[in-house]
Amino acid sequence: MNATVATSVFGVFMVVTVALGLLATRGRRKGNGSGEGGGLAEWSVGGRSLGTVFIWVLMAGEGYTSFSYLGAAGWGYNYGAPVLYVVAYMSCGYAVGYVVGPMLWAYARRHGLVGITDMVAHRFGRPWLGALVAVLATVFLLPYIQLQITGMGVVVSTISYGAIGLNQAYFIAFAVTTGFVVVSGLRGSAWVSVLKDVLVIATLGFLAVYVPMHYFDGYGPFLDRLVAEKSEWLTFPGHGDSGLGQAWFVTTSFLNSLTVVIFPTTVAGYLGAKNADVLRRNAMLLPAYNVLLFVPMLLGMAALFVVPGLVGAESNLALFKLVVDSLPAWTVGLVGVAAALSSIVPMAVFMLVIGTMWGRSVLSLVPRWERRQKGAAQVVVVVAGSLALLLTYTAPNTLVRLSLISYEGMAQLLPMVLLGLVWRRLTLLGAMSGLVVGVGTVCGFVFTENDPVWGVNAGIVALGANLAVALVVTYAGPRERDDRPDDEVLARDEIGLVARDAESGEGGDGSDGGSGRGGGVRTSTGTGMGTGTGTGTGTGTGG
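These numbers come from a predicted model, not from an experiment.

Asks: I would appreciate a short explanation of the pattern of salt bridges in the present structure.
Replies: As a working rule, side chains carrying opposite charge can pair if their charged atoms are close by. Under the defined criterion, the tally for this structure stands at 7 salt bridges. Between R360 and D118 there is a salt bridge, with the nearest N and O atoms lying 2.8 Å from each other. Of this pair, R360 sits in helix α16 (residues 329-362) while D118 is found in helix α7 (residues 116-124), placing the two residues 242 residues apart along the sequence. By relative accessible area, which is 1% here, R360 ends up buried. For D118, a relative accessible area of 4% translates into the label buried.

Listed below in structure tokens is the structure:
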């Protein structure tokens, strides 16, 4: 009976989720390919028209994934204090995003771009470079999709009281999310994020009060017992021989705070905004949302006294063990829905971003796919989701490890993406050399299980080597000839000017309006081209 009630609640909300995705795209599926209607820009970045609320809930999805309910509680259960790196890096990342977000938004809008692969290709004037970055980014994004499939599968299996096996639950997670993202795109994800955030706030707020009162008669007795019996969990490096000490905490927080601003899903959120001020407001508001992350961390440590003895991947169920053992089935179903939506929304955005990168930067190099970028992107979504599902079955791993691999790998794109957009002197050879060294170093550390290395995050060691090589090769090698003006090559936050153009509709960006490759730079007048009043060329280029 419990399984029937909980899974029925879950099923109803999944139907509502799909309905919201369909409703979000109503009236916007037909278009001329210029970024309005049903074109790639509408599907991948919401037509660059999302306001403060939708951008806020969409970008908050970066912080509230299945990791919030499972991995954070699991790390609190296993280690304790080191899990606080999540709050640290996200808050610092929002501060960095206050500067970087509007800069990337203005650059992408000015040149009709829809992702970091587009930006890299435009910056260095090499379409093939966008394809290379798309392939590399996909390799490091797939583990994160696998993480969300794993997380949602665990949730579905747990709230069904074991009636649904893990293998079946993984497939359900894949099928629901793949169908959802193919149909609804970024706009649908933003709409569902509203529902997700309401449930996340409600369920975590409830559990923050219920669990300490039910099991310990309040926070006072719980914290007193934690200090008296589990004090090791409250200091670095936490419980056990984890190697997650202060140096690891600082380097991981620093690395992730930089990486999150160029993470393809974060950039998709940036580019979906209708103006740069929306991003600035969100950068100020989002850190307050992180307060809720303390709840699963604390409840993971509360589970030490209620369900002791969880080991390995089973520790990720610490929070749900508390829920399933003490709450009625309908409440278990609601908590499960909140956790499932916390998988669906970020997983959908990750799959959408992979599809966009391949449709725009890889398959568009093939003549027959050049004018069918959206269709190509949707096919890639299905392929990427299927591959992540296969990895879930054949190469399972713990949730946090998968997340760290993704971030450490993506961090190696920082010099090419971020430094390249603000420093004209960085050469393609320098950026490529640094990238090869950085990726090779991080893979060497991770796959030989030497992370942390020397007590610090292996990714930041690799990034240091990456940056050093990029600078040495750039200064030692020949200067590249590029006759384009700085405003065409570099990213600038044109405060006020670009925002006013966006509001007035002047100077269209020609987002999807064709594809040209004159001089190695992808440009097109497109159907959305306008004169505008901005600096530089003053015309929209894209495609």
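Asks: Looking at this structure, how should I read the environment of R424?
Replies: Topologically, R424 is positioned in the loop between α19 (414-422) and α20 (428-447). According to the relative accessible area criterion, R424 is partly exposed, its value standing at 26%. Here the alpha-carbon distance between R424 and F124, two residues 300 residues apart in the chain, equals 9.7 Å. Beyond its immediate sequence surroundings of up to four residues, R424 is in contact with R123, D482, R484, P485, D486, V489 and L490.

Asks: Looking at this structure, I do not really get the environment of V181. What am I missing?
Replies: Within the secondary structure, V181 sits in helix α9 (residues 166-216). V181 sits 166 residues away from M347 along the chain, and the two C-alpha atoms are 9.0 Å apart.

Asks: Whenever I open this one, a nonpolar patch on the surface confuses me. Can you help?
Replies: On the surface, a cluster of nonpolar side chains totalling about 200 Å² of accessible area is made up of V18, L22 and V183. As for its position among the elements, V183 is in helix α9. Under the relative-accessibility criterion, V183 is labelled partly exposed at 39%.

Asks: Explain the packing of aromatic side chains here, please?
Replies: For any pair of aromatic rings, the description consists of the separation of the ring centres together with the inter-plane angle of the planes. The tally for this structure, following the rule as stated, stands at 19 aromatic pairs. An angle of 55° between the planes, with centres 5.6 Å apart, marks the rings of W75 and Y85 as tilted. Of the two residues, W75 sits in helix α5 (residues 71-78) while Y85 sits in helix α6 (residues 85-111), which places them 10 residues apart along the sequence. The class for W75 is buried, based on a relative accessible area of 10%. On the numbers, 5.7 Å between centres and 70° between planes, the contact of F263 with F350 is edge-to-face. Of this pair, F263 sits in the loop between α11 (246-259) and α12 (264-271) while F350 sits in helix α16; the two residues are 87 residues apart in sequence, bridging distant segments of the chain. We classify F263 as buried; its relative accessible area is 0%. For F350, a relative accessible area of 1% gives the class buried. Following the ring pairs from residue to residue traces out a cluster consisting of W75, Y79, Y85, Y89, Y144, W248, F263, F350 and Y407. If you follow R123 out to its NZ or CZ, it ends over the ring of F124, 4.5 Å from the centre.

Asks: Would you mind showing me how to read the confidence of the model for the protein here?
Replies: Parts of the prediction with low pLDDT should not have their coordinates interpreted in detail. Looking at the protein, the pLDDT average stands at 81 and 80% of residues meet or exceed 70. Of all secondary-structure elements in the protein, the lowest mean pLDDT belongs to helix α23 (residues 497-504), at 49, while helix α21 (residues 458-476) reaches the highest, 97. Predicted confidence is poor over residues 29-38, with pLDDT under 50, and the contacts of this stretch with residues over four places away or in other chains come to 29 contacts.

Asks: Which parts of the structure should I look at to understand the packing of α6 against α19?
Replies: The relative placement of two packed helices comes down to the angle between their axes together with the axis-to-axis distance. α19 packs onto α6 with a crossing angle of 80° between their chain directions and a minimal axis gap of 12 Å. As summarised for this structure, α6 and α19 are arranged roughly perpendicular, according to the angle between their axes. Of α19, the residues touching α6 (which contributes V100, M103, L104 and Y107) are L418, L421 and V422. Broken down by class, the residue content of the contact of α6 with α19 amounts to 7 nonpolar, no polar and no charged.

Rules used in this analysis
Residues numbered from 1 in each chain as written. Predicted model: local features only at pLDDT ≥ 70, side-chain atom pairs only at ≥ 80, totals over all residues. Heavy atoms only, no water. Salt bridge = Lys/Arg side-chain N within 4 Å of Asp/Glu carboxyl O. Helix = DSSP H or I, 4+ residues; strand = E, 2+ residues; numbered from the N terminus. Buried < 20%, exposed > 50% of the residue type's maximum accessible area, 1.4 Å probe, protein only. Contact = heavy atoms within 4.5 Å. Patch = residues over 30% accessible without salt bridge, like charges linked within 9 Å, V, L, I, M, F, W, Y side chains within 5 Å. Areas by Shrake-Rupley, 256 points an atom, 1.4 Å probe, with all protein chains shown as cover. Phe/Tyr/Trp six-rings, centres within 6.5 Å; stacked < 30°, edge-to-face > 60°. Lys NZ or Arg CZ within 6 Å of the ring centre and 35° of its normal. pLDDT = per-residue confidence, 0-100. Axes fitted to C-alpha atoms, helices over the stretch in contact; angles between N-to-C directions. Parallel < 35°, antiparallel > 145°, perpendicular 65-115°, else oblique. Nonpolar A, V, L, I, M, F, W, Y, C, P; charged D, E, K, R; others polar.

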